[in-house]
Structures are given as structure tokens and as C-alpha cells.
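# Working through the structure, step by step
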Amino acid sequence: MEKKNVKLYRGLQGVYFDRTQTTYIDGSNGVLEYRGYNIHDLAEKSTFEEVAYLLIYGDLPNQKQFEDFDTILKSSRSLPKKTFNVIKNIKNSHPMDVLRTIVSMLASFDEDRDDNSVEGTIRKGIRLTAQIPTIVMAHHNIRNNRTPIEPDNNLNHAGNFLYMLEGKKPSQNAINLMDKDFVLHADHGSNASAFTARVVSGTSADIHGAITAGIAALSGPSHGGAAEDVMQMAREIKTPENAEAYVKNLLSNKKRVMGFGHRVYRAEDPRAIHLKEDVKKLSNELGQSEWYEILVSVQKAMAPYSRRGIHVNVDFFAGVIYHLNGIPQDLFVPIFTVGRIPGWTVQIVEQFQHNILIRPLLHYTGERDRKYIPIENR
Ligand SMILES: CC(C)(COP(=O)(O)OP(=O)(O)OC[C@H]1O[C@@H](n2cnc3c(N)ncnc32)[C@H](O)[C@@H]1OP(=O)(O)O)[C@@H](O)C(=O)NCCC(=O)NCCS
């Protein structure tokens, strides 16, 4: 008999499971703050390195703290040689699969492998923040039969990431856009991947395990994978005039328009506002304004849905920015990952600081009291 009076929270929707001092989100009013700083201020005035420090340590760094942090990040960019052999062996896999595998492997090489204290976890999180761009771009070069490009320590995090794509020094404008994109992606509360990382840390497993699991969660199309799908949609739409019919066709077939909707935001995702402006500027500058126009036409076609709280999310405009920077479509989710590592790190640290096993209940609705029949009689 099914138990009565069980209140189910499918998808844990609307459930608070712990406290945090990292990221504040007000989904009804479209507000996002990291450690009390508004995302608009950080997007316009800060840098990824500064935001990573802010998330991990709780305050913005002074000049000396910034320089020390930057030096550690830069000196941690290289990878153990053995990882390149593994990348070669799996080079035809999706970049997120490669990333997941190599992050897991890095646990064995980390000098703090057996140190799961808060300090050790922070050191490992910072190292992973520095190493993950190198993994993504090493794989990209290896799969194109090229030698991986050595990190350039004269470039900041965003600049070096773009540089390692093909060894070409990126423009200052491209660096600034990438940097802002990383800032906007750096943390976002208890989303599916951060929650996954917390579940793993809840068992006191290490940060490499938690981030490996976070990468797996992020790779799905309902989470980080959406930017890739939006780009695909824009390609299929081809011209702004086709957008309305395309969207109607999706909706009438009960399909989702990628880059729209959010579990928490009922107002416009505050991160999307910045990315929309950036797509506009960049597509005009490069004489490829059709991408911006296609996206705006999709947004117009979806306008009636804003009454139901379905607005553009962070992934809607991000993909076109990457595309205009010459980045292939299957690297879009890895870019999201590059930005997200400080957020995962600090959430794992918070979990460790007052740890508790995360273990909710499942309401059983299957059969009971069945009689066991030996295999020869079934
Ligand atoms: C992000 C997402 C998974 C959130 O989902 P959720 O909080 O579980 O909300 P639901 O899936 O229950 O959707 C609620 C309603 O809105 C509709 N909806 C949500 N997102 C939609 C979208 N992108 N396009 C069309 N309809 C959408 C659903 O069909 C559902 O309608 P119904 O009540 O008539 O069945 C969902 O909005 C989605 O799939 N978006 C597209 C993928 C995407 O952009 N992901 C990136 C997120 S940052």
C-alpha cells in the first residue's frame, strides 16, 4: 500500500537545503550578487581573477593579494605529461567527456591529493581553475592533429584561454568579452552542477571527485549544454524573418526553445542583459549583424511567454559571442566550465565547513510483498 500524506518536492523545486554566504539570487526581480556585490558592477568593473578571489576568500583583493593570487593561477596552468597521452587516446570524444576524465585523473597528480582540509581544498580548487583552460585547449589542438599550445603567462586568464585555441594573440576586445563571460558564469547558487558537487562533498569525498561530478551534471542540455543548442538553432533559422515560424513550430510540437526559461528566474536573467549588448557590438563590428538580429527575432517571438515567467537565460546570447570569436560549437559548455570552477570550489568549501551528508528520501510507489519464484519456474 502506498504511504499517504507524503509531500513530494520533485526536482527539489523551491526547497532550501542549507545556508550560503556566497551567492544571492532573487529570481522574481532578476537580481544576482556574488558575496554581496551586484553582478552588474562586477561585469562592468571587475575581472575574472578578482571575482574568483572574491568568491573563494569572501572579499575583493587588495593589490598585493591580487598579484599573489594571479601569480599562483599563472604558475598552475601546465598539466602533467601523462594527461596528454590520455587526451590523445580519447581525442574523438566530446570535449566535456575529455574534461571530466582529465579532471578526475588530475587528482592522482595533485601535491595535495590527500589533504582534504579547507586550505588544501582551496589550493586544489585554484589549481583546477588554472588547469581546466589548458585541458580544454590541449584537447582541441590534439584532436586537430596539432601540438598543444603552451600557456602564455603574459596574458590574463581569459586572454591565455583564447590564445591557446590556435596560438594567435587575441584582440583586447575579444579578451574583455571572454573575461566578462567568465565573470558572469562564475557562480550561480544551487544549480544542478553545484548541487551535485555538494552531494559528493557531503560524503567527504575530495574536490576532484566533486568537480568531476559537477562537470558531468553541467554537460546536459538542460544546464550548460543550452548555449551549444542555441547556436545550432540560430544556424537553422538562417535569417531573422524565419525566426517567428521556427519558434512557433517548436512550441506547437511541445519542444523547448533553448536559451529560455529558468528554474529560479521569473524575470530576465541579469547575466543575459550584458551578453545581449556584447553580441550586438561584436556582430556589428565584425559585419555579421545577422546573428544578433536572429536572436532578437527569436526573443520577440517568445515575448508572449514572458507573462509566464519564461525569459532569455545566460545561455541565449553566450553561444553567438563564442562563435564570433572563432570558437567551435562543442567548446561552448567547456567555456562555461572554465568560468564556473571558482563557484564550485567555494561551494565545496562551504559544504566542508559544516558538513552534512545530503541524503533525501524517495517515496516508494512500486509493488510490495512479492513472492520469490526460483528462476527455473519463471
Ligand atoms: C531551464 C529549464 C530546464 C527549467 O525548467 P523547470 O524549472 O523545470 O521548468 P519546467 O520544465 O517545469 O517548465 C515550466 C513550464 O514552462 C515551459 N517552458 C520552460 N522552458 C521553456 C522553454 N525554453 N521553451 C518553451 N517552454 C518552456 C514548460 O514547457 C512548462 O510548461 P507547462 O507548465 O505548460 O508544462 C527549462 O526552462 C528549459 O528546458 N529551458 C531550455 C534549456 C535551457 O535554456 N537551459 C539553460 C538553463 S540556464
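Keep in mind it's a predicted model, so treat the numbers as computed, not measured.

To continue, consider the nonpolar core. Counting 88 residues, the largest nonpolar core has Val 51, Leu 99, Ala 234, Val 279, Leu 295, Phe 317 and Ile 321 as the members making the most contacts within it. Ranked by the residues each element gives to this core, the list is headed by helix α16 (residues 332-353), at 10 residues. Discounting residues that sit within four places of it in the chain, Leu 295 has contacts with Ala 234, Val 279, Phe 316, Phe 317 and Val 320.

Turning next to the site of the ligand. Residues in close proximity to the ligand total 15 residues, the closest being Ala 226, Arg 256, Phe 260, Gly 261 and Arg 263. For the shell around the ligand, the class distribution of residues is 6 nonpolar, 6 polar and 3 charged.

Looking now at unusual backbone geometry. One non-glycine residue, Lys 254, lies in positive phi territory at about 60 degrees. Here Lys 254 falls in the exposed class, since 6 other C-beta atoms lie within 10 Å of it. Positive phi is not limited to glycine here, since Asp 369 has a value of about 50 degrees. Within the fold, Asp 369 resides in the segment after α16.

Okay, the packing of helix α2 (residues 48-57) against α16 next. Put simply, α2 and α16 touch, their axes get as near as 8 Å, and they point 10 degrees apart. Comparing the axis directions of α2 and α16 gives the class roughly parallel. On α16, the residues that touch Ala 52, Leu 55 and Ile 56 of α2 are Pro 342, Gly 343, Thr 345 and Val 346. Residue classes in the contact of α2 with α16 are distributed as 5 nonpolar, 2 polar and no charged.

Rules behind the numbers
Residues numbered from 1 in each chain as written. Predicted model: local features only at pLDDT ≥ 70, side-chain atom pairs only at ≥ 80, totals over all residues. Core = buried A, V, L, I, M, F, W, Y, C linked by C-beta atoms within 7 Å. Buried ≥ 20, exposed ≤ 12 C-beta atoms within 10 Å, placed from the backbone. Helix = DSSP H or I, 4+ residues; strand = E, 2+ residues; numbered from the N terminus. Contact = placed C-beta atoms within 7 Å. Near = placed C-beta within 6 Å. Nonpolar A, V, L, I, M, F, W, Y, C, P; charged D, E, K, R; others polar. Axes fitted to C-alpha atoms, helices over the stretch in contact; angles between N-to-C directions. Parallel < 35°, antiparallel > 145°, perpendicular 65-115°, else oblique.

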